[in-house]
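# Descriptive structure summary
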Amino acid sequence: MATDNVILELRNVDAGYGEIEVLRNVSLRVEHGQIVTVIGANGAGKTTLLRTIFGLVKPSRGQILYEGADITGLPTLELLKRGIAFIPGGRSNFPQMTVQENLEMGAYIRKDKRQVMKDIDRLCERFEILRMKRHTPVGNLSGGQQQMVEFAIALMLKPKVLLIDEPTIGLAPLLVDEVFRVIEEINASGTTIVLVEQNARRALEASDYGFVLELGSIRYQGNAEQLKQSEEVYRAYLGER
Amino acid sequence: MPIEVVIFIEHIINGLTLGAFYALITLGLSLIFGVARLVNFAHGDIFMVGGYTLFLLLNLSGITLPYPLIVVLVVVVTALVGLLIERVVIHPILNRSWRVQAVATLGISIVLQNLALILFTSDPKQTPTIYSRQIIEIMDIRISVQRLIILVAVIFIFLALQWFVKHTQTGKAMRAVSQNREMCQIVGIDVPRIAMITFAISSGLAGLAAALMSPLFSVMPTMGSLLTLKALAAVILGGLGQVNGAFFAAFLLGLVEALFSGYVSYAYRDVVSFGLFVLILFVRPQGLFGRRVGL
Ligand SMILES: Nc1ncnc2c1ncn2[C@@H]1O[C@H](COP(=O)(O)OP(=O)(O)OP(=O)(O)O)[C@@H](O)[C@H]1O
Ligand SMILES: [Mg+2]
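Residues numbered from 1 in each chain as written. Chains lettered and ligands numbered in written order. Predicted model: local features only at pLDDT ≥ 70, side-chain atom pairs only at ≥ 80, totals over all residues. Heavy atoms only, no water.

Our focus in this paragraph is unusual backbone geometry. Residues and elements named next belong to chain A. Even without glycine at this site, E166 takes up a positive phi of about 40°. Its location among the elements puts E166 in the loop between strand 7 (161-165) and helix 7 (173-188). The backbone of L215 sits at a positive phi, close to 45°, despite the residue not being glycine. Of note, L215 is situated in the loop between strand 9 (209-214) and strand 10 (217-223). The class of L215 is exposed, set by a relative accessible area of 68%. (Helix = DSSP H or I, 4+ residues; strand = E, 2+ residues; numbered from the N terminus. Buried < 20%, exposed > 50% of the residue type's maximum accessible area, 1.4 Å probe, protein only.)

Right, let's talk about the pattern of salt bridges for a bit. Residue and element names in this part refer to chain B. Tallying each qualifying case throughout the model produces 23 salt bridges over all chains. A salt bridge links E137 to R142, with the shortest nitrogen-to-oxygen separation between them at 3.5 Å. The class of E137 is exposed, set by a relative accessible area of 51%. Note on R142: relative accessible area 48%, which makes it partly exposed. In this structure, the salt-bridge partner of E257 is K230, at a minimum N-O distance of 3.2 Å. (Salt bridge = Lys/Arg side-chain N within 4 Å of Asp/Glu carboxyl O.)

A separate point is the sheet that holds strand 6 (residues 84-87) of chain A. All names here are of chain A. In space, the six strands of this open sheet follow the order 6-7-8-3-9-10, with mixed pairing throughout. A single partner strand is all that each edge strand has here, and the edge strands are strand 6 and strand 10. Taken over all neighbouring pairs, the strand axes of this sheet differ in orientation by 15° on average, direction set aside. In this structure, strand 6 lies alongside strand 7, joined through four bridges in parallel fashion. Across the sheet, the residue bridging to I87 is I164, located in strand 7. Set on the sheet, helix 7 makes contact with strand 3 (35-40), strand 7 and strand 8 (192-196); between it and strand 8 the angle comes to about 150°. (Pairing = 2+ DSSP bridges. Axes fitted to C-alpha atoms, helices over the stretch in contact; angles between N-to-C directions. Contact = heavy atoms within 4.5 Å.)

As a further point, take the sheet that holds strand 4 (residues 59-66) of chain A. Residues and elements named next belong to chain A. Across the sheet, which stays open at both edges, the four strands sit in the order 2-1-4-5 with antiparallel pairing between neighbours. At either end of the open sheet lies a strand with only one pairing partner, and these are strand 2 (20-31) and strand 5 (69-70). Sheet topology note: the strand 4/strand 5 ladder contains two bridges and is antiparallel. Looking at the pairing, Y66 lines up with A69 of strand 5. With respect to the sheet, helix 1 (residues 46-53) is in contact with strand 1 (6-17), strand 2 and strand 4, its orientation differing from that of strand 1 by roughly 115°.

Counting all residues, the mean pLDDT for chain A is 91, and 95% of those residues have values of 70 or more. Mean pLDDT values over the elements of chain A span from 70, in helix 10 (residues 231-237) of chain A, up to 97, in strand 6 of chain A. (pLDDT = per-residue confidence, 0-100.)

This paragraph deals with the packing of aromatic side chains. Taken as a whole, this structure holds 12 aromatic pairs over all chains when the rule is applied. Ring centres of F54(A) and F86(A) lie 5.4 Å apart, and the angle between their planes is 55°; this geometry places the pair in the tilted category. Here F54(A) is found in the loop between helix 1 and strand 4, whereas its partner F86(A) is found in strand 6, with 32 residues between them in sequence. Both residues of the pair, F54(A) and F86(A), belong to the buried class. Grouping aromatic residues by their ring pairs yields a cluster made of F21(B), Y22(B), F47(B) and F217(B). (Phe/Tyr/Trp six-rings, centres within 6.5 Å; stacked < 30°, edge-to-face > 60°.)

The volume enclosed by the largest pocket comes to roughly 580 Å³. Lining the largest pocket are 21 residues, and of these L18(B), Y22(B), F217(B), Y266(B) and R269(B) sit closest to its centre. Elements represented by at least two residues in the lining of the largest pocket include exactly helix 1 (3-36), helix 9 (225-237), helix 10 (243-263) and helix 11 (269-283) of chain B. The element best represented in the lining of the largest pocket is helix 1 of chain B, accounting for five residues. Around the second largest pocket, the lining is made up of 15 residues, and of these Q185(B), I189(B), D190(B), V191(B) and P192(B) lie nearest the centre. Sorting the residues of the lining of the second largest pocket by element identifies helix 2 (76-82) of chain A together with helix 7 (181-187) and helix 8 (191-213) of chain B as the ones contributing at least two each. Sort the elements by how many residues they give to the lining of the second largest pocket and helix 7 of chain B lands first, with three residues. Here the lining of the second largest pocket is built from residues that sort into six nonpolar, five polar and four charged. (1 Å grid on protein atoms, 1.4 Å probe; cavity = no way out; pocket = protein on both sides within 12 Å on 5 of 7 lines; lining within 4 Å. Points joined across faces, edges and corners; volume = space filled by probe spheres on them. Nonpolar A, V, L, I, M, F, W, Y, C, P; charged D, E, K, R; others polar.)

Below is the structure:
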């Protein structure tokens, strides 16, 4: 990987919750404009990795660099301002607020409120579900529709790096395709994506690069193609050949 | 009009006023609960602070302030007291367990009551305004102007608050915090700041209740204790965290209490409101309005 094209880098990061150490000596680099997937078993530390990058978990050792600057230990608010956004797994929206209001909350830290309204209009044109359900409380939408709203909330800040945790969990296969289509579209418009996905095969198909996390450490990494062809990765994460 | 009907209507009006008063207290308590997930056992005591502030402002030597100005001043003072309490006591324990929070707010309650006892003694203080003795009579029905003021003010405040949480950035953030705190962090909503603002608003509402209602009663150091419990009952009845539900439950409580003390027994009115509370929870454990009403 060419160093100058790296947008996000972790150097020897340890992180966890109090006494519980989850990430051990994690080093990884994410190139600008790519889709990068992190795969791993339940409890491997994938969510913790994303939360650490996003400043919700403080590393006990190591460095995190973003656009060449050291962002280790910076508060989440500062990272949001610099262009990192996070879509957590599970339902991460404001269920009793309308789609419109959820998007407004996505833009909470922005000062240009007039432009925010235009951006919401634009997103509603781009995603039909948002347009149709604009004034419906998000809690009344289906799981797939809520996932789309959650993407849109994150897009309100026009992030340069988008961290996405298990976006297809509990969705029907048809919707899974839709979610990946949206992820690829967001990526095509210039956003670098770090994706955690339990559907490893599908995720690698959409990705440029992949990391395999095992017990809090990077066990394998490589181009998505290489990972798919790796005998060991295949057996452990992609099912029998 | 037959005297029975007149009396009945007067009881209803008294009930509505009492309900409006409870609703104002409850509104503040349930806002804090919704936003900070914290039961403020000192809420009634902030009301008491408002009562003494009113007393002081009514008895300023040399100047007589107009009542509307006094009301505004009481609201400002209680909001500031609330802000101070939030900064010093609540802020450090926002993410602690409910036990820690309960002990802390009970502590505030004890401190405020004893401060009042030292400063003002336990003698009840009268806080009459020019409106508390003014009576208007419509078709034999006699209503004190002070009660009318309360009714109108509370309905106005309720609508204003509705507007505030629907149409302002801070109001929307308050709803957001009450619905998904974790997500607020992720979009950059400053949860402690929103909690602080909510605490100030809530305390100001308790102050407003004091400025409007104390002229009909008297002011005492312990006047807030029972009120906190009644408001808490209304909050639970309305469905926890449901501000509108709590508001209507408080009205209901006031009506029932007024009718009971009018027709059966004044002495047992508290027994009835808490009895009703237990009974309703027995039938509808999720509260009267379940989870549907929303902040
Ligand atoms: N808030 C927390 N406090 C303490 N331990 C935690 C916390 N969150 C996660 N853990 C622990 O950290 C380890 C890694 O959890 P993490 O959620 O990062 O794994 P994951 O790879 O995302 O798993 P999954 O596939 O189930 O989402 C687990 O052992 C988990 O029990
Ligand atoms: Mg996870």
